[in-house]
Amino acid sequence: MPPSVQTRREKQRAELRSELVEAAHKLVQEEGYEGLTIRKLAKRVGYAPMSVYSYFADKQDILFALAEDAFETLARRIEEHASDDPIEALQAVMTEYAAFGLGNPNEYRTVFMTEKTKLPEGRSYEDMEESNPAMNALISRVEACVAAGKLQGDPRAIATMLWAVGHGTISLLITFPFYPFGDPQAFVKRMCDFTLATLSTQNVPPLTETPVNC
């Protein structure tokens, strides 16, 4: 096959995959987890279900694709909020993460609160983590705080703890909307400030004995 033909086919395949991911986002936003099916996805883009299976083996694969796309969107939003103060820059990550989750509760619940039982074929966890721009942005801003003496310890461990607090807070706000948390964004900020204040008094060790390269 001539290189030009192969390049054109690869471009068309990438464009269709992007179209499928965008359609999946809309399905989830409108109908939640239950609304995301191969058949509905195929119907929305005007293709036969078997065509969708050539891109995604099952619903799990679609969820991973949605997560990767969401992390890219989140990373772009984070980069729009730079600051010379490393703590403020780090707080901006948590603020944008909360805004994304609270602004898209159906999508957040579907993409980040459903069990992932297996990795996509041909992908490893290390590969997926390394290519996660939002997590990389979080770790980078934690590293800046450590370099400035604002935090101490292992940047990946600190970033993971902040992510855990952020995810837990957003999940509670979404799943218990009638609990008197007060203003959602203000509650997220209080949790973030509390966590950062606690972490600033500790030298945080790595999560595992084996170093992890990010």
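Residues numbered from 1 in each chain as written. Predicted model: local features only at pLDDT ≥ 70, side-chain atom pairs only at ≥ 80, totals over all residues. Heavy atoms only, no water.

(A) Up close: the overall build of the chain. A tally of helices and strands in the chain yields 10 helices and two strands. Start at the N end of the chain and walk to the C end: the helices and strands fall as α-α-α-α-α-α-α-α-β-α-α-β. With the principal axes as the frame, the chain shows a C-alpha extent of 60 × 45 × 30 Å. Expressed as a percentage of the 214 residues in the chain, the buried residues total 38%. A separation of at least 24 residues holds for 70% of the contacts in the chain among residues at least 6 apart in sequence. Averaging the positions of the 22 positive and the 30 negative side-chain charges in the chain gives two centres separated by 8 Å. (Helix = DSSP H or I, 4+ residues; strand = E, 2+ residues; numbered from the N terminus. Buried < 20%, exposed > 50% of the residue type's maximum accessible area, 1.4 Å probe, protein only. Contact = heavy atoms within 4.5 Å. Lys, Arg positive; Asp, Glu negative; His and termini not counted. Charge placed at Lys NZ, Arg CZ, Asp CG, Glu CD.)

(B) Structural view of helix H5 (residues 86-103). For H5, with 18 residues, the first-to-last C-alpha span of 26 Å sits near the 26 Å given by 1.5 Å per residue. For H5, the full list of buried residues reads Pro86, Ala89, Leu90, Ala92, Val93, Met94, Glu96, Tyr97, Ala98, Phe100 and Gly101. Taken together, the buried residues of H5 touch helix H4 (59-79), helix H6 (105-112), helix H8 (133-147), helix H9 (155-175) and helix H10 (184-199). Taking the backbone nitrogen of isoleucine 87 as reference, a side-chain oxygen 2.8 Å away marks aspartate 85 as the first, capping residue of H5. (Expected span 1.5 Å × (residues − 1). Polar contact = N/O pair within 3.5 Å; in protein donor to acceptor, adjacent residues only side chain to side chain.)

(C) Structural context of the UniProt feature "domain: HTH tetR-type" (unreviewed entry) in the chain. When the UniProt feature table is mapped to this numbering, "domain: HTH tetR-type" (unreviewed entry) covers residues 14-74. Its end C-alpha atoms 21 Å apart, residues 14-74 is made of 77% helix and 0% strand. (UniProt positions renumbered as here; feature names shortened; annotations may be inferred.)

(D) The packing of aromatic side chains, seen in detail. On inspection of all chains with the given rule, the structure shows six aromatic pairs. Between phenylalanine 100 and phenylalanine 112, the aromatic rings sit 6.5 Å apart at their centres with planes inclined by 75 degrees, giving edge-to-face as the arrangement. Here phenylalanine 112 lies in helix H6 and phenylalanine 100 lies in helix H5, a separation of 12 residues in the sequence. Taken individually, phenylalanine 100 and phenylalanine 112 each receive the classification buried, so the pair is uniform in this respect. An aromatic cluster is defined as three or more aromatic residues linked by ring pairs; in this entry it consists of Phe71, Tyr97, Phe100, Tyr108 and Phe112. Taking NZ or CZ as reference, arginine 13 lies 4.2 Å from the ring centre of tyrosine 55, over its face. Positioned above the aromatic ring of tyrosine 33 is the side chain of lysine 59, whose terminal nitrogen or guanidinium carbon lies 3.6 Å from the ring centre. (Phe/Tyr/Trp six-rings, centres within 6.5 Å; stacked < 30°, edge-to-face > 60°. Lys NZ or Arg CZ within 6 Å of the ring centre and 35° of its normal.)

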